[in-house]
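In case you want the letters, here they are:
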Amino acid sequence: MKKSLLALAALLFVIVALWQCKTRGAATSAAAGGDAQKAYVPPGKYDEFYNFVSGGFNGQVSVYGLPSGRLLKIIPVFSQFPENGYGYNEETKAMLMTSHGFVPWDDEHHISMSLTNGEQDGRWCFANANNTPRVGRIDLKTFRTTEILEIPNAGGNHSSPFITENSEYIVAGTRFSIPMDDQPDVPINTYKQNFRGTASFISIDPNDGHMKLAFQVLLPGINLDLSRSGKGPSHDWFFFSCYNSEQANTLLEVNASQKDKDFIVAINWKKAEEYAKAGKGQVKKVRYAHNTLDEKTHTATTKWETEVIMLDPKELKDFVYFMPCPKSPHGCDVNPTGEYIVGSGKLAAIIPVFSFEKMQKAIADKNFEGEYDGIPVLKYDAVLHGEVQKPGLGPLHTEFDADGNAYTSFFVSSEIVKWNVKSLQVLDRVPTYYSIGHLCVPGGDTKKPWGKYVVAYNKITKDRYLPTGPELAQSAQIYDISGDKMKLILDFPTIGEPHYANAIPAELLMKNSVKFFKLEENNHPYVAKGEGETKVTRNGNQVHVNMTAIRSHLTPDNIEGVKLGDEVYFHVTNLEQDWDIPHGFAVKGANTSEILIMPGETQTYYWKPDRIGVFPFYCTDFCSALHQEMQGYMRVSPAGANVPLKFSTGEPAPAPTESK
Amino acid sequence: MHDMKTCHFFLVPVLALLLLAASCGGSDAPADSAATPATPSSNAETQMLAEGKGIGEVKAVELKTPLEAERVSRGEAIYKMKCSACHKLDGTRVVGPGWKDVTKNRKPEWIMNMVTNVDVMLEKDDEAQKLLELCLTRMPNQNVSIGDARDVLEFMRHNDGEK
């Protein structure tokens, strides 16, 4: 058995090797060894780039340093995070509220950095939730999620949160078409009549980043996959790839792969914006959550939104067009000049590159091959710049450098291929380990790519690292792209399942990084600004403890008078005013995670005692030489007991009394 | 935050020197490292330390009599928020020493430098180091501005019975 397996493995190896020789004419061998020098960041030195990497099924965004691949931070966005209490403490529970109730998890695929004039400005990072459609905003001063907006009339928020050149809008496009929210209960096999896709445009307030669902564009029941905004000449446009133009509702693996071509959907968002502002849209009654974190109260609240403007391109003409694109396109990427749109058919053997200029002309000339569900379809040849021939198998995504080159990931042939956007010539190819999904060049989706590296985020890991049982970390590789040939310099494991990522120069962010929150500006309703403001109060069966933490004691640390049936809220204010001095807090038996309180912040820990007794609580983050001493006790007495509410710190023990 | 934190303060300057010695191009050291790198004491600094004024931006403090009432009340508010957790107003030591008579035992410059430049004080000032050995908890940097420290000083004078 073992022998035959080995033989099979050897045979497979030979086949793969032969096949690779065949398909990879000019393959470089630099990949094997790696050039660790180029990824080496000496102790105490900083990385050149922050790499914001989507977490996929962990619902978080992780931040790595490039080129070292060191993990710097995990930012919880759509998932609860017991490590710091996000989604567990009373302040942040509201962030995960939706019209479906509290949703503690999601599938986070893509991120976008805020842009000014098409260049990264280092203000915000946006993230999407695919499962329960939402978009989130991370503040890059605090590296915290500060806003989450739910998307109505949507299923599978995949082509999101891609952004326009001046952060006017981020988008949310539906991977799963569904019946709209106002007529939800229909037979599934009436898909073609009743199911619709939507492309949502979410405006971004230029001052504070606040999101608002400005309008939705109603589309046929196709699956929107990925998207990119235009740039420069194509500034007013947004491009979405789509598959399932067959409009299948079952066995899509077969039924959505019937047609030779699907589409790239081109939406003139400027025109759509005009229609919406002119009141041409239909106002739909919906219900969705809009959650925001207040920086001063350190507390999130949910606002319920009830309306959305819907624009139907069948009625409001001339702002949506379809461009035929071969074989279930996935990536839909616009080069830095904004002239070329690269469609990547997952099952195609070529990469079509569309010309924006030609698209404009075809629209002006009405050079249509027909209509799809009432929307004009442009002629493929009329909008095509050209095709990259024999680039590899299974193209997925494309990023760009500043020198006119494109870098496309190939899932099936497991490689990155560098090619020239204008000449469409393949210039170089390197293997990835294994089966790359997304890739990232710093600034590679903007008008101003920083270049230097391309990072591969792989779907299959297999033998890259020490085995860890059936489940493995996802692998990533960094390649140096400063020369003509791509060179592997580092291989590193990641957390979650990375999809898309952005990298931004360190100096754009580090100068703005908040070190602590000012106590003076803390407006939390239960803040204790100093130990003099600590107290314990009872309101019915609710007991509120306004507590402080500072190296190395909690105040109050002896509390009595709580009774079975009470609900206790510990509002802990960290009195420290220095960088990197968080305190943690936890109580024995609590059905929640710890809280981790940053300097100057107040966080609330909910605890409902389930029995009488004396319960220790303590600081969970090693803070000082006397951290082990940072503890206290809460006494819980029977319901109806006559123990008065009492609290103290440092109170001397009473004089010894006679033993009973 | 790790338990090595307190050691960083002493290690970083040493490491920085080692790195400088070991590499020819070590000029791109992070501008904002966790601790201020040690710089050789200048004559002026040595003089300040010898005079019991500590080390930091505060070179000379002008005290007025009678006390400035507005400063006293502002200083008291800052004390309550940022200091009272560790310092009592009488002579008892809790986490840090009690404040009674601090203005009689220390120069005003020393007090203000201790409040505003605590990390360097704990490294270079003998009296500050003695207090650390006594209390075994590093006084936290509470990010008190020079102006706020002056108000706190006025409140300390008030606490010590000055009028």
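Residues numbered from 1 in each chain as written. Chains lettered and ligands numbered in written order. Predicted model: local features only at pLDDT ≥ 70, side-chain atom pairs only at ≥ 80, totals over all residues.

S.K.: Residues and numbers for the overall build of chain A, please.
M.R.: Tallying secondary structure elements over chain A gives eight helices and 46 strands in all. Whereas a compact globule of 660 residues would reach a radius of gyration of roughly 26 Å, chain A reaches 28 Å, a difference of no more than 12%. Counting all 660 residues of chain A, 53% fall into the buried class. The contacts in chain A between residues at least 6 apart in sequence include a share of 62% that link residues at least 24 apart. (Helix = DSSP H or I, 4+ residues; strand = E, 2+ residues; numbered from the N terminus. Rg over C-alpha atoms; globule rule 2.2 N^0.38 Å. Buried ≥ 20, exposed ≤ 12 C-beta atoms within 10 Å, placed from the backbone. Contact = placed C-beta atoms within 7 Å.)

S.K.: Lay out the nonpolar core in plain terms, naming residues and giving numbers.
M.R.: If you look at the biggest cluster of nonpolar residues, it comprises 128 residues, and the most contacted ones within it are Ile-264, Ile-267, Met-323 and Val-454 of chain A. Per-element accounting of this core gives the leading share, seven residues, to strand 14 (residues 211-219) of chain A. For Val-454 of chain A, the contacting residues outside a window of four places in its chain are Glu-399, Tyr-407, Ile-416, Leu-439, Cys-440, Val-441, Tyr-479, Ile-481 and Met-486 of chain A. Core analysis: the next-biggest nonpolar cluster, separate from the first, contains 63 residues, Tyr-605, Phe-615 and Cys-623 of chain A together with Met-139 of chain B among them. (Core = buried A, V, L, I, M, F, W, Y, C linked by C-beta atoms within 7 Å.)

S.K.: Describe the packing of helix 3 (residues 69-83) of chain B against helix 8 (residues 146-159) of chain B, listing the residues and the values that go with them.
M.R.: The axes of two packed helices give the description: the angle between them and the distance between them. All names here are of chain B. Orientation of helix 3 relative to helix 8, taken along the N-to-C sense of each, is 100°, at an axis distance of 7 Å. One element, helix 3, and the other, helix 8, form an angle in the roughly perpendicular class. Between helix 3 and helix 8, the contacting residues are Arg-71, Val-72, Arg-74, Gly-75, Glu-76, Ile-78 and Tyr-79 on the first element and Asp-148, Arg-150, Asp-151, Val-152, Glu-154, Phe-155 and His-158 on the second. Of the residues contributing to the contact of helix 3 with helix 8, the split by class is five nonpolar, two polar and seven charged. (Axes fitted to C-alpha atoms, helices over the stretch in contact; angles between N-to-C directions. Parallel < 35°, antiparallel > 145°, perpendicular 65-115°, else oblique. Nonpolar A, V, L, I, M, F, W, Y, C, P; charged D, E, K, R; others polar.)

S.K.: Outline the interface of chain A and chain B, supporting the account with residue identities and numerical values.
M.R.: With 27 residues of chain A at the interface, the matching set in chain B holds 20 residues. Partitioning the side of chain A that touches chain B into residue classes produces ten nonpolar, nine polar and eight charged.

S.K.: Any chance you could break down the sheet that holds strand 35 (residues 501-505) of chain A for me, citing the residues and the numbers?
M.R.: Residue and element names in this part refer to chain A. Taken in spatial order, the four strands line up as 3-2-1-35 in an open sheet, and their pairing is antiparallel. Two strands bound the open sheet, and with one partner strand each, they are strand 3 (71-76) and strand 35. Each neighbouring strand pair of the sheet contributes to a mean axis angle of 20°, computed without reference to strand direction. Sheet topology places strand 1 (residues 49-54) next to strand 35; five bridges connect them, and they run antiparallel. Considered in strand 35, the bridge of Phe-49 is made with Pro-505. (Pairing = 2+ DSSP bridges.)

S.K.: Outline the packing of helix 5 (residues 108-116) of chain B against helix 8 of chain B, supporting the account with residue identities and numerical values.
M.R.: Residues and elements named next belong to chain B. Where helix 5 contacts helix 8, the two axes come as close as 9 Å, and the packing angle between them is 130°. Taken together, the axes of helix 5 and helix 8 lie oblique to each other. Note on packing geometry: the crossing formed by helix 5 with helix 8 is right-handed. Here helix 5 contributes Pro-108, Ile-111, Met-112, Val-115 and Thr-116 to the contact with helix 8, which in turn contributes Ile-146, Ala-149, Arg-150, Val-152, Leu-153 and Met-156. For the contact of helix 5 with helix 8, the class distribution of residues is nine nonpolar, one polar and one charged. (Left-handed = near helix turned anticlockwise from the far one by under 90°.)

S.K.: Requested: an account of the domain arrangement of chain A, with residues and values cited.
M.R.: Residues and elements named next belong to chain A. Taken as a whole, chain A is organised into domain 1 (36-510) and domain 2 (519-648). Computed over C-alpha atoms only, the centres of domain 1 and domain 2 are separated by 42 Å. Across the boundary between the two partners, domain 1 contributes eleven residues, which contact 16 residues of domain 2. Classifying every residue of the side of domain 1 that touches domain 2 by side-chain character gives two nonpolar, six polar and three charged. (Domains from an automatic or database assignment.)

S.K.: Which residues make up the environment of Ala-625 of chain A, and what values do they have?
M.R.: With respect to the secondary-structure elements, Ala-625 of chain A resides in the loop between strand 44 (613-618) and strand 45 (631-637). Along the chain, Ala-625 of chain A and Arg-551 of chain A lie 74 residues apart, while their C-alpha atoms are 8.9 Å from each other.

S.K.: Can you tell me about unusual backbone geometry, naming the residues and giving the values?
M.R.: Peptide bonds are mostly trans, and most non-glycine residues show a negative phi. Pro-556 of chain A follows Thr-555 of chain A through a cis peptide bond whose omega is 0°. Its location among the elements puts Pro-556 of chain A in the loop between strand 38 (553-555) and strand 39 (558-563). With an omega of 0°, the peptide bond running from Thr-65 of chain B to Pro-66 of chain B counts as cis. Within the secondary structure layout, Pro-66 of chain B lies in the loop between helix 2 (43-50) and helix 3. Despite not being glycine, Asn-244 of chain A shows a phi value in the positive range, around 60°. With respect to the helices and strands, Asn-244 of chain A occurs in the loop between strand 16 (237-243) and helix 4 (252-255). You can call Asn-244 of chain A buried: it has 25 C-beta atoms within 10 Å. Even without being glycine, Asp-318 of chain A reaches a positive phi, approximately 65°. Position of Asp-318 of chain A among the secondary structure elements: in the loop between strand 19 (299-311) and strand 20 (320-326).

S.K.: Residues and numbers for the confidence of the model for chain B, please.
M.R.: Residue and element names in this part refer to chain B. In this model, chain B carries a mean pLDDT of 82, and residues with pLDDT of at least 70 account for 75%. Confidence, expressed as mean pLDDT per element, reaches its minimum in chain B at helix 1 (residues 5-22) with 40 and its maximum at helix 8 with 98. Per-residue pLDDT stays below 50 along residues 1-38; that stretch engages in 32 contacts with residues further than four places along the chain or on separate chains. Scoring the predicted complex yields pTM 0.89 and, for the interface, ipTM 0.77. (pLDDT = per-residue confidence, 0-100.)

S.K.: I'd like a rundown of the sheet that holds strand 39 of chain A, residues and numbers included.
M.R.: Residues and elements named next belong to chain A. Judged by pairing direction, the sheet is mixed, and its six strands sit side by side in the order 42-41-44-45-39-46 without closing on themselves. Edge strands, defined here as strands with exactly one partner in the open sheet, are strand 42 (595-597) and strand 46 (646-648). On average, each strand axis in the sheet is tilted by 25° relative to the strand beside it, whichever way the strands run. Bridge count for strand 39 against strand 46 is three bridges, and the pairing is antiparallel. Its bridge partner lying in strand 46, Asn-558 is registered against Ser-648.

S.K.: Pulling in residues and values, what's your account of the pairing of strand 25 (residues 375-378) of chain A?
M.R.: If a strand is regular, its side chains alternate between the two faces of the sheet. Residues and elements named next belong to chain A. One ladder, built from four bridges, connects strand 24 (residues 368-372) with strand 25; its direction is antiparallel. Opposite Phe-368, over in strand 25, you have Leu-378 as the bridge partner. Between strand 24 and strand 25, which pair antiparallel in sequence order, lie two residues; one of them, Asp-373, sits at a positive phi of approximately 50°.

S.K.: Which residues make up the environment of Ile-146 of chain B, and what values go with them?
M.R.: Residue and element names in this part refer to chain B. Along the chain, Ile-146 turns up in helix 8. For Ile-146, a count of 14 C-beta atoms within 10 Å corresponds to the partly exposed category. For Ile-146 and Asn-113, which are 33 residues apart along the polypeptide, the C-alpha to C-alpha distance reads 8.6 Å.

S.K.: Describe the pairing of strand 29 (residues 415-420) of chain A, with residues and values.
M.R.: Residue and element names in this part refer to chain A. In terms of burial, strand 29 is largely enclosed, as five of its six residues are buried. Between the end of strand 28 (residues 405-410) and the start of strand 29, which pair antiparallel, lie four residues, with Ser-414 showing a positive phi angle near 55°. In this sheet, strand 30 (residues 426-431) lies alongside strand 29 in antiparallel orientation, the contact comprising five bridges. Directly across from Glu-415, in strand 30, lies its bridge partner Pro-431. Where strand 29 folds back onto strand 30 in an antiparallel hairpin, the turn is made up of five residues, including Leu-424, whose phi is positive at roughly 65°.

S.K.: Help me get a handle on helix 5 of chain B, residues and values and all.
M.R.: What sets the pattern is the α-helix's 3.6 residues per turn: residues three or four places apart point alike. Residue and element names in this part refer to chain B. Burial runs high along helix 5: nine of the nine residues are buried. Within helix 5, burial applies to Pro-108, Glu-109, Trp-110, Ile-111, Met-112, Asn-113, Met-114, Val-115 and Thr-116. On the buried face of helix 5, the contacting elements are helix 4 (102-105), helix 6 (118-124), helix 7 (126-135) and helix 8.

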